[in-house]
Amino acid sequence: MKHFLEISQLSHLEITTLLQRALYFKNTLTYPCYSQSPVANLFYESSTRTRVSFELAAKHLSMPVINVDLQTSSECKGEVIEDTVKTLAAMGIKILIIRHGQEGLPQRLADMSYNSVHIINAGDGMHAHPSQAMLDLMTISEKKPDLSRLKIAIVGNIRHSRVANSLQHLCALMGVGELTLIAPAIWQPINVHYGQVTTSLQEGMVNADVIICLRVQRERLLTGEQLDIDSYRRDYAITSDRLKHAKADAMIMHPGPINRGIEIDDDIADGPQSFILQQVSNGVFMRMAILEHLNNSIHF
Ligand code: CP
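Quick notes on the rules
- Residues numbered from 1 in each chain as written.
- Predicted model: local features only at pLDDT ≥ 70, side-chain atom pairs only at ≥ 80, totals over all residues.
- Heavy atoms only, no water.
- Buried < 20%, exposed > 50% of the residue type's maximum accessible area, 1.4 Å probe, protein only.
- Helix = DSSP H or I, 4+ residues; strand = E, 2+ residues; numbered from the N terminus.
- Arc of directions from axis to C-beta.
- Contact = heavy atoms within 4.5 Å.
- Pairing = 2+ DSSP bridges.
- Axes fitted to C-alpha atoms, helices over the stretch in contact; angles between N-to-C directions.
- Near = heavy atom within 4 Å.
- Polar contact = N/O pair within 3.5 Å; in protein donor to acceptor, adjacent residues only side chain to side chain.
- Areas by Shrake-Rupley, 256 points an atom, 1.4 Å probe, with all protein chains shown as cover.
- Nonpolar A, V, L, I, M, F, W, Y, C, P; charged D, E, K, R; others polar.

S.K.: Please clarify how helix α3 (residues 81-90) should be interpreted in this entry.
M.R.: Because an α-helix completes one turn every 3.6 residues, residues spaced three or four positions apart along the sequence face the same direction. Taken together, the buried positions of α3 are occupied by I81, E82, T84, V85, L88 and A89. Seen end-on, α3 carries its buried residues on one side only, within an arc spanning 160°. If you follow the buried residues of α3, they end up packed against β1 (39-43), β3 (95-100) and α4 (105-111). Backbone geometry just downstream of α3 places G92 in the positive-phi region, at approximately 105°.

Take a look at the structure:
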């Protein structure tokens, strides 16, 4: 694996290897040293979890890490991203972690034949967020390891969600028993990779083992895709009443950041069934496994 761009490019073996390695890091707190592999974070969209956890993951592996400040970078003087990537590679950066609003950009940069740097997709528009899907899988499989017997429900703004896209590919590859995609008609996915789509929260949540609540991504809504937030809350928010439709031990997850009181109530987000902070913690270990995997394909 030279780049980490989207789940559909991974094999079942690569996914289970990453999962096992992330769990090893978590359980042993034993970390190898890869000090010859400098890493740069290049985030064109806002982030707390992904950016900081990739930085921490790199530091745990003794990789020098640079956070490129795009407010003061030469892109403000008109440099194009291809030249920024070439410049960073010429300085010796080996792994570049990119978040960008343009779908397919990480793949395009990875395809540049003159580019020796390894690219990690940390989220590209509405397309893919593969490291988030991997840390979600890690969190689920720690608690409920028999994926073939699980019913997972993803709830909310699925049409605009790169997380939902990556999770569909991952559930298909890993043989998750049942995947339900619950969304109001206006936010249903245009393409479905795996799972059944429904507008009914109650129907979709019945007997669910895992409920993954998505953020309402207001910044991505176009004219004609707007939905009154009060009506969304009325029909789709995860509340204690609605949780009764799922299994009694259903895991509640959310990739974050949360819009409290819109897509999920505080008592659920902070309650005993919530795994939201465990997702965040697992993100560091999963991203260590991803960085190590790419490091192993670097030719020094
Ligand atoms: N889940 C996620 O990508 O969060 P950030 O935007 O904070 O990185």
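S.K.: I would appreciate a short explanation of the sheet that holds strand β8 (residues 210-213) in the present structure.
M.R.: Picture the strands of a sheet paired through backbone hydrogen bonds; they go either parallel or antiparallel. Pairing is parallel across the open sheet formed by five strands, whose spatial order is β7-β6-β5-β8-β9. At either margin of the open sheet sits one strand with a lone partner, and together these are β7 (196-198) and β9 (251-253). In this sheet, neighbouring strand axes are inclined to one another by 20° on average, regardless of whether the strands run parallel or antiparallel. Direction of pairing for β8 relative to β9: parallel, over a ladder of three bridges. Bridge pairing in β9 links I212 to M253.

S.K.: Sorry, what's going on with the environment of A269 here?
M.R.: Looking at where A269 falls in the secondary structure, it is placed in helix α10 (residues 266-269). Of the residues examined, A269 reaches a relative accessible area of 7% and is grouped as buried. A C-alpha to C-alpha distance of 7.5 Å links A269 and I252, two positions 17 residues apart in sequence. Filtering out sequence-adjacent residues up to four positions away, A269 remains in contact with I258, R260, I264, S274 and I276.

S.K.: What should I look at first to understand the site of the ligand in this one?
M.R.: Around the ligand, the surrounding shell consists of S46, S47, T48, R49, T50, R99, H129, Q132, P255 and G256. R49 places a polar side-chain atom, nitrogen or oxygen, 2.7 Å from an oxygen atom of the ligand. One of the side-chain nitrogen or oxygen atoms of T50 is found 2.7 Å away from an oxygen atom of the ligand. Within the complex, the protein chains bury 92% of what would otherwise be the 250 Å² of accessible surface of the ligand. Of the residues contributing to the shell around the ligand, the split by class is one nonpolar, seven polar and two charged.

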